[in-house]
Amino acid sequence: MSSRVFYGSINHGQIAQFVSLAVKLDKIVEGLDFSSLTSKDKVAVKMHLGFTDGAQTIPSFYVRRVVEKIKETGASPYITDNPTSVYNAFHRGYTQETCGCPIIPIAGIKDLYGYETKINYMDIETMSMAGVLHDSDALVNLSHAKAQNNVGYAAALKNIGVGGYGGSDRWKKIHGVFNTVSWDSGKCTPEHAGKLVGSCPYEYIKYDKEEHDLKINRGKCYNGNCMECIEADGDIGCLSIDPEGFETFHEIIAIGSKKILDTFDSDKVFHINFLMDMTPTCDCMGIVQPQIVPDIGIVGSRDIVAVEQASIDLIGKEELIWSKIPPYFKHLNTDKSAGLHPFQRLWGPMKDPYLVTKYGEKYGMGSRDYELVEILPAEETMQMKGGHSFERGPSFA
Ligand code: SF4
């Protein structure tokens, strides 16, 4: 059965407040229907609030509108994220005053308040689920969509599946499953390893001569857009870069997300993705980055897989803003006929954004089949009568 995804486009049919994106967000929330929340519910609004100088997360202007809608039900919302992001959130405009509710660290002030949760994936037996998510009655998953160097695309599932675990597990366990490489040490001499290291224009291959150990930084590798190391490997054939090697990160995110979502009643979970100010990589980089696809709007659903699938599809209809791609991307795929998603053209075909929803569906979190319900589409609203109030004097409205 298909899931409903509400969509508000950045585009509008006329210059008028009643068709603006802010009003569309209100209507998306109405469509999601917060009436399942009660005055007893403690509601976690899970966001990434950015780091240091990373100012392209969801503006507090929109956050506040969602928070106010939660408060209208009588429930008690609080925004939550990792302790560092929370501690300096005010640098990026997030305060109780601007957002309308408290902002609290997701796993305590030292990122150590969590619940050991069975994972059993590769060599990961358990991970520490963030205590605040575990203890909450309801979840509003408020995510900023963007391209991402490890998985091609990140929004709702990564916000929960990575951001919902304690710091040590986020970095060592979740990111750890990804940095594997298919390298046959027996076929490779130290001289050949040196050739492989030298072949990567980005210095993403490291070789430890003493240990005779070679590593590739998969998180940054441009895989199918590049393959210069594979060319250098030639007839020796000791190195391979396979699509399967890029899927482990998706799978651990899906497993981790499912564990968290299972702690909530299904009618108390809501997902809203902001397809705005989309950057080449994560909000956790802590810097302002160029916007690499045009703004699209906001999508919301009760189904985390459907909201991700709709987001990836909508981004897939856009063209990369070529003039804003940073010059360190030396291996872009500019061939439109290759049929790649814009984020694959950036990060390589093996970092396929749709793997997010493939694994989301595999672990039973929802459906890739969705019905897109557009709120106040521009073609319709340009026919509507309404008008706009211009600021002509101090009204304080
Ligand atoms: S595919 Fe390209 S970017 Fe990736 S490790 Fe090989 S040479 Fe480096």
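Residues numbered from 1 in each chain as written. Predicted model: local features only at pLDDT ≥ 70, side-chain atom pairs only at ≥ 80, totals over all residues.

Student: With reference to specific residues and values, describe the overall build of the chain.
Tutor: Scanning the chain for helices and strands turns up 14 helices and 16 strands. Taking 397 residues into account, the globule formula puts the C-alpha radius of gyration at 21 Å, and the chain, at 22 Å, falls close to it. Each principal axis of the C-alpha atoms in the chain carries an extent, and together these give about 75 × 45 × 45 Å. Expressed as a percentage of its 397 residues, the buried residues of the chain come to 45%. (Helix = DSSP H or I, 4+ residues; strand = E, 2+ residues; numbered from the N terminus. Rg over C-alpha atoms; globule rule 2.2 N^0.38 Å. Buried ≥ 20, exposed ≤ 12 C-beta atoms within 10 Å, placed from the backbone.)

Student: Tell me about the site of the ligand, residues and numbers included.
Tutor: Looking at the ligand, there are 14 residues lining it, with Cys 200, Cys 221, Cys 226, Glu 228 and Cys 229 nearest. Looking at side-chain class alone, the shell around the ligand contains eleven nonpolar, two polar and one charged residues. (Near = placed C-beta within 6 Å. Nonpolar A, V, L, I, M, F, W, Y, C, P; charged D, E, K, R; others polar.)

Student: Give a detailed account of helix α11 (residues 304-316), specifying residues and quantitative values.
Tutor: Residues three or four positions apart in an α-helix share a direction because the helix packs 3.6 residues into each turn. An ideal rise of 1.5 Å per residue puts 18 Å on 13 residues; α11 measures up with 18 Å between its terminal C-alpha atoms. Taking burial as the measure, the 13 residues of α11 include eleven buried ones, the bulk of the element. Here α11 has its buried residues at Ile 304, Val 305, Ala 306, Val 307, Glu 308, Gln 309, Ala 310, Ser 311, Ile 312, Leu 314 and Ile 315. (Expected span 1.5 Å × (residues − 1).)

Student: I'd like a rundown of the environment of Ile 79, residues and numbers included.
Tutor: Among the secondary structure elements, Ile 79 is positioned in strand β3 (residues 76-81). Residues Ile 79 and His 250, 171 residues apart in the sequence, show an inter-C-alpha distance of 25 Å. Beyond its immediate sequence surroundings of up to four residues, Ile 79 is in contact with Val 45, Met 47, Val 63, Cys 99, Cys 101 and Ile 103. (Contact = placed C-beta atoms within 7 Å.)

Remember, this is a structural readout, not a statement about activity or role.
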